[in-house]
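Observations on chain architecture
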Amino acid sequence: MRKGNEKDKSAKGKEIKNNDDDSFCSDEHNNSKNDPFCSDEHNNSKNDPFCSDEHNNRIDDTAFKWDPLRNIADDPDEVLNIVDSHLTSLEKEHFNGQKDIDENFDKVFSASSVSRREFIQWTALLTSALMLPTIFAPRVARAANILTRTPFIWLDMSDCMGNTEAFLRTAHPTPAEIILNYVSVDYMESIMVPAGYQAEARRDETIKKYKGKYILVVEGAIPTKMNGKFLTIGAKGKTGLEITKATAKNAGVIIAVGNCASYGGIPAAYPNPTGSVGLSSVTNRQVINIPACPANPVNLVGTLVEYILVGKAPMLDSLGRPLWAYSGRLHDNCYRRGHFEAGEYVKQWGDIGAKKQYCLYMMGCKGPFTWNNCTVVQYNQDMSFPMRAGHGCIGCSEPAFWDRMTPFEKPNLDAKIFIPGIEATADEFGVALFGAAGVGVAAHAIYTGVKRRKNNNQDKNKNKDNKDNNKSKDEDNKTK
Amino acid sequence: MENANSSEGSSDLKVVHRMTVIKRIIHWTLFLSIINQIITGMYIAYPFLIFGVTPTQADSPVSGVLNSGETYQAFIMTWMREFHFLGAVLIDVSFFGWLYLAFFSTKEPLYKSFLPFGNKINEMYKMLKHYFTLKNKPKTGKYQDPLNAIIFTFFHILLLLQMATGFQMYVASFTGTSAVGAWWPTMMHICTDWTLLVFGGLTGVTLTHLFITWLIIIFIFYHIYIEIWRSILWKEGDILIPFGGYKYSRDNLKEDESD
Ligand code: HEM
Ligand code: HEM
Ligand code: SF4
């Protein structure tokens, strides 16, 4: 969509060599508390958390071009090398040898009875969803494995826990959901064992211990009015604003999941009494937004996997969403699009058009205004999405969708336009103006006619001596 | 009005050139393409009216109008959008042609109707007053009268907005590149992404596009009314301008005011 990062590539080869040589981070570095690795400023360069201060200085995210949408890089071998060595060093850090690596997945999946075959199918799906070539499929599998051991904090703010529910409570979970269940969750209110002070101690401990390394996922909007007091969490009654700020400061990567965390969502709907905002408004770190209501697990896991693969955020669009997932509109890949083009629309719920799966444009589908990959990767065990279920899209991955996409079951042109003091649809307002203008024109026309006749009469009365004035003028015209 | 003029005694009728061929071409291209935009645009916004008829939906009140049989034969929305985009191209070209001529036309550039500004504003008020009193018709000469000039300029601003919002909706279906290269969507993004911020997302942009359509419809009716009004009241053949390029004038114009 927007231009990729065209950065100058000179001398990048050398930098990368350096990285390779002294792998991403040795244990000593991590443990040495004296020289704090990853101070705040360095973290602001948003990327590689797995490295000490000095490493941070050398690795910068322009080191190689990572642009899955068009081409991976100028030198594909180089990218593979980087990704491989990155994965190897992470494996070294999180696992005790090859046996541990192999066993980990067996353990995770045997608990949920997903076969190895299903898992391989899923890696292929995720690889193509990520717009990576198939050569990445085994690497995606390795990254998914590493992901289950990466420290992880999940915060809940003002929300309905819909994303948590969607990820945790599926009848037949897909590998994406399983991985999310098995990531080494250090703090997640809905599933963690500790409670009260213990829970908070656990969170603080994780922040300290894995400073600059943990994955932070935030769900829910953050109220900011009254100093954020609209939302207080935990035994100490800290505000959501404080907690997110403190946690985001030292995170390795920050992900806002769901529309509320990304853009404020429903808590921020007009008139937004609590002053709720999305995560990116309260931290100056880079935030990866995975909006939707709820977000698709594939998109969350895919983003995490890509982060593990290359150690940095994927390419984002102007609204902070990963381009690989959010570069197309639902409308562009909808299986009902043919009916849209053919002018075949559902006119009423349950009519014959609905049974024939005609386009839902006139039933308020917001697919033409919404960027997401629902129509491609799908929800509910990867098998359905709103249009397939017979209801239009409600635009839940766009900012302010509660205000901008309503009414959900009426076409966009039935929405009220936002002009202060006026509550009407664009058509009502337009027709009213048109009527007013018509009345004005008609009045002016009548006025002109009447006035002209009066003037003429006056002419005749007053200037009896040259009453043929008008006539002679007309003759003038003719002769000319 | 007649009596106002009558004081000047026998007026001699002069021929005044007002629209070059290119301007006339632009005028009628705009006319045709805007009518086209309104029809196709309204269909896009509200496709209830005409269905690609499949037997089950023959209950549509106007199903006879575009009865094209099977789905694969119909594609009404495709055609409507296609013609909307063709009309859009014509509008763009005409708009930029107009913009160029407004400044660099050798015969009658529009900016002359604005300079010197103070005088022209005054004249504009006089014309407005004339509309409502029918007295004291201001002189009309080689250049457009300031009131019309300002209204036409406002209309072209509406067109520009229509183009910006239209291209924003158009670029929405691109994913980073196009058949002619990445520069094309990139350029459209650069030129029109501000509409997202101003009008509140793509839905707001669409509603704005629809609302401006109504303003344009109002303009058309006003415009035709006022040109007819002028032709009847002034008896100077104003309506002939976009056809033949000339009008008449009874105002005893000085040399530099006429042609
Ligand atoms: C969609 C419909 C129309 C649009 C958008 C439109 C627009 C315009 C514009 C922008 C001008 C100014 C030209 C310039 O500055 O170069 C103009 C002039 C003019 N138009 Fe139209 N027009 C439309 C239809 C018509 C029709 C149907 C007629 C008459 C039958 C008409 C009669 C005239 C006349 C007489 C002028 C010259 C006014 C003057 O120079 O004082 N127009 N029109
Ligand atoms: C006088 C000029 C124009 C008029 C009156 C007009 C009118 C309309 C109307 C009424 C709609 C339907 C809006 C809705 O869905 O609520 C529409 C849609 C649209 N217009 Fe225009 N339009 C004009 C110029 C343009 C231009 C210059 C472009 C540039 C490409 C453009 C591109 C579009 C697009 C892309 C759509 C949406 C089509 C879709 O959703 O498939 N329009 N137009
Ligand atoms: S159902 Fe919605 S997304 Fe699908 S083609 Fe129709 S308008 Fe587009």
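Structural data are supplied above this passage.
Figured I'd write up the structure that's included with this text. (Residues numbered from 1 in each chain as written. Chains lettered and ligands numbered in written order. Predicted model: local features only at pLDDT ≥ 70, side-chain atom pairs only at ≥ 80, totals over all residues. Heavy atoms only, no water.)

**Side note on the overall build of chain A**
Here is the rule: Note on conventions: DSSP H or I runs of at least 4 residues are helices, E runs of at least 2 residues are strands, and numbering of each starts at the N terminus. Method for areas: the Shrake-Rupley scheme with a 1.4 Å probe, in which residue coverage is limited to the protein chains shown.
Along chain A, the regular secondary structure elements total 23 helices and nine strands. For chain A, the computed accessible surface area is about 21700 Å², with 53% contributed by carbon and sulfur atoms.

**Side note on the overall build of chain B**
Heads up, the condition is: A simple rule labels every residue: compare its accessible area, found with a 1.4 Å probe on the protein chains alone, to the largest value its type can have, and call it buried under 20%, exposed over 50%, or partly exposed in between. Here, two residues are considered to be in contact whenever any of their heavy atoms come within 4.5 Å of each other.
In terms of regular secondary structure, chain B is built from 10 helices and two strands. Starting at the N terminus, the α and β elements of chain B follow one another as α-β-α-α-α-α-α-α-α-α-α-β. Counting every position in chain B, which comprises 259 residues, the buried fraction comes to 51%. Sequence-distant contacts in chain B: of pairs separated by 6 or more residues, those separated by 24 or more amount to 73%. Here chain B has roughly 12600 Å² of accessible surface; of this, 72% comes from carbon and sulfur atoms.

**Here's the deal with the sheet that holds strand 1 (residues 152–156) of chain A**
Residue and element names in this part refer to chain A. Counted only if it meets this: Here, a strand pair is defined by DSSP locating no fewer than two bridges between the strands. Between N-to-C directions, angles cover 0 to 180 degrees, with each direction set by a line fitted to C-alpha atoms, over the stretch in contact for helices.
On the basis of which strands lie adjacent, the open sheet formed by five strands has the order 2-1-3-7-9 and parallel pairing. Strands with a single pairing partner mark the edges of an open sheet, and in this sheet they are strand 2 (185–188) and strand 9 (288–290). Taking each pair of neighbouring strands and ignoring which way they run, the sheet shows an average axis angle of 15°. Pairing of strand 1 with strand 3 (residues 215–219), which is carried by five bridges, proceeds in the parallel orientation. Residue pairing in the sheet places Leu 155 in a bridge with Val 218 of strand 3. The strands that helix 14 (residues 297–310) touches are strand 1, strand 3, strand 7 (253–257) and strand 9; relative to strand 7, the one it contacts most, it runs at about 170°.

**Side note on the coordination of the iron atom of ligand 1**
All names here are of chain B. Put simply, the rule reads: For Na, K and Ca the donor cut-off is 3.2 Å, while for other metals it is 2.8 Å, and in both cases only N, O and S atoms qualify; water is not among them, so sites may look incomplete. All geometry calls rest on donor angles, where a four-donor set with angles between 85 and 135 degrees is tetrahedral, four- and six-donor sets with opposite donors more than 155 degrees apart and all others between 65 and 115 are square planar and octahedral, and all else is irregular.
In the first shell of the iron atom of ligand 1, the protein supplies His 27 (NE2) and His 223 (NE2), at 1.9 to 2.0 Å from the metal. Coordination at the iron atom of ligand 1 is octahedral, judged from the six donor atoms that bind it and the angles of 85 to 180° they form at the metal. One end of the pair, His 27, is in helix 2 (residues 21–45); the other, His 223, is in helix 9 (residues 201–234), with 196 residues separating them in the sequence. Exposure remark for His 27: the relative accessible area of 21% places this residue in the partly exposed category. Classification of His 223 by relative accessible area gives buried; the value is 17%.

**Topic: the site of ligand 1**
All names here are of chain B. Here is the rule we go by: By convention in this text, a residue qualifies as near a molecule or strand provided that one of its non-hydrogen atoms is within 4 Å of it. Distance and chemistry together define a polar contact, namely a pair of N or O atoms within 3.5 Å, with one atom able to donate a hydrogen and the other to accept it when in protein, and with adjacent residues in sequence counting only for side-chain atoms on both sides. Note that Gly is not counted as nonpolar here; it falls among the polar residues with everything else outside the nonpolar set of Ala, Val, Leu, Ile, Met, Phe, Trp, Tyr, Cys and Pro and the charged set of Asp, Glu, Lys and Arg.
Near ligand 1, the surroundings consist of 22 residues, among which Arg 18, His 27, Gln 144, His 223 and Asp 238 are the closest. Contact distances for ligand 1 include 3.1 Å between an oxygen atom and a side-chain N or O atom of Gln 144. At 3.4 Å, a side-chain N or O of Asn 148 approaches an oxygen atom of ligand 1. If you list the elements that add at least two residues to the shell around ligand 1, you get helix 2, helix 6 (146–171), helix 9 and helix 10 (241–244). Of the residues assigned to the shell around ligand 1, the class counts are 13 nonpolar, five polar and four charged.

**Focus on the packing of aromatic side chains**
Worth spelling out the cut-off: Each aromatic pair joins two rings of Phe, Tyr and Trp (for Trp, the six-membered one) with centres within 6.5 Å, and gets the label stacked for planes under 30 degrees apart, edge-to-face for over 60, and tilted for any other angle. We call a charge positioned over a ring when the NZ of a Lys or the CZ of an Arg lies within 6 Å of the ring centre and within 35 degrees of the ring normal.
Evaluated as defined, the whole model comprises 31 aromatic pairs over all chains. Geometrically, the ring pair formed by A:Trp154 and A:Phe167 is edge-to-face, given 5.8 Å between the ring centres and 85° between the ring planes. Highlighted residues: A:Trp154 in strand 1 and A:Phe167 in helix 9 (residues 162–168), separated in sequence by 13 residues. One aromatic cluster is present, formed by B:Phe85, B:Phe167, B:Tyr170, B:Phe174, B:Trp183 and B:Trp184 through successive ring pairs. Sitting over the ring of B:Trp234, B:Lys137 keeps its end group 4.6 Å from the ring centre.

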